[in-house]
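# Residue-level structure breakdown
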Amino acid sequence: MAPRIAEKLVCDLQEGTTELVEYEISDASIESSRAMTEHSLRAARNAQLAETDFTQLSDVPDGVGDAAMAYRQALRDWPETDEFKEAVESCMLIEPPKP
């Protein structure tokens, strides 16, 4: 596997200069970043589930509970989707739309 090269812009505010610096990213660093991103995305998903827990109580009107149930199922299914995998790779949080 060819090494992955990344670039970062280094700014020296005192000198007023900028320089684009290339560096190699190790496989271990990539896997660590992927694991942390997956953990963060799952934590955000779990927070969304927790915010909607009340919608599953028996005294919630049927329309609200039904819409929330579909939303909650989409959240639970999300980690198994291609959308989740793409979000991990791009480090972007893409959630199912709220009802």
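This write-up is about the structure you can find in this document. (Residues numbered from 1 in each chain as written. Predicted model: local features only at pLDDT ≥ 70, side-chain atom pairs only at ≥ 80, totals over all residues. Heavy atoms only, no water.)

### Here we look at helix 2 (residues 62–77)
For clarity, the threshold we go by: Each helix is a run of H or I in the DSSP string that is no shorter than four residues. Each strand is a run of E no shorter than two, and both are numbered from the N terminus. A helix's residues, less one, multiplied by 1.5 Å, set its expected span. Accessibility here uses a 1.4 Å probe with only protein chains present; expressed as a share of the type maximum, an area under 20% marks a residue as buried, one over 50% as exposed, and anything in between as partly exposed. The arc in question is the one spanned by the directions pointing from the helix axis to the C-beta atoms. Only heavy atoms matter for contacts: two residues are in contact if any of them lie within 4.5 Å across the pair.
With 16 residues, helix 2 extends 22 Å between its outermost C-alpha atoms, agreeing within 8% with the 22 Å of an ideal straight helix rising 1.5 Å per residue. Among all positions of helix 2, only G65, A68, Y71, R72 and L75 are buried. All buried residues of helix 2 project into a common sector of 130° when viewed along the axis, lining one side. Within helix 2, the exposed residues directed more than 90 degrees away from the buried face are D62, G63, D66 and A70. In this fold, the buried residues of helix 2 make contact with helix 1 (27–51).

### Observations regarding the packing of helix 1 against helix 3 (residues 82–90)
In a pair of packed helices, the angle between the axes and the distance between the axes together describe the arrangement. As a reminder, the rule being used: Each axis is a line fitted through C-alpha atoms, and for a helix only the stretch in contact is used; angles between axes span 0 to 180 degrees, taken between their N-to-C directions. Geometric relationships in this document are graded by angle, where less than 35 degrees denotes roughly parallel, more than 145 denotes roughly antiparallel, 65 to 115 denotes roughly perpendicular, and other angles denote oblique. Should the near helix be turned counterclockwise from the far one by less than a right angle, the crossing is left-handed, whereas a clockwise turn marks it as right-handed. The classification used treats Ala, Val, Leu, Ile, Met, Phe, Trp, Tyr, Cys and Pro as nonpolar, Asp, Glu, Lys and Arg as charged, and all other residues, Gly among them, as polar.
Relative orientation of the contacting elements helix 1 and helix 3 amounts to 125°, with a least axis distance of 9 Å. Viewed along their axes, helix 1 and helix 3 adopt a mutual orientation that is oblique. Crossing handedness for the pair helix 1 and helix 3: right-handed. Within the contact between the two elements, helix 1 uses R34, T37, E38, L41 and R42 and helix 3 uses F84, A87, V88 and E89. Across the contact of helix 1 with helix 3, the residue classes tally to four nonpolar, one polar and four charged.

### Re the packing of helix 1 against helix 2
Closest axis-to-axis distance for the helix 1/helix 2 pair is 10 Å, and the angle between their directions is 160°. The orientation of helix 1 relative to helix 2 falls into the category roughly antiparallel. Crossing angle aside, the handedness with which helix 1 passes helix 2 is left-handed. Taken together, the residues of helix 2 that come into contact with helix 1 (itself represented by R45, Q48 and L49) are Y71, R72, L75 and R76.

Taken by themselves, the reported measurements are silent on function.
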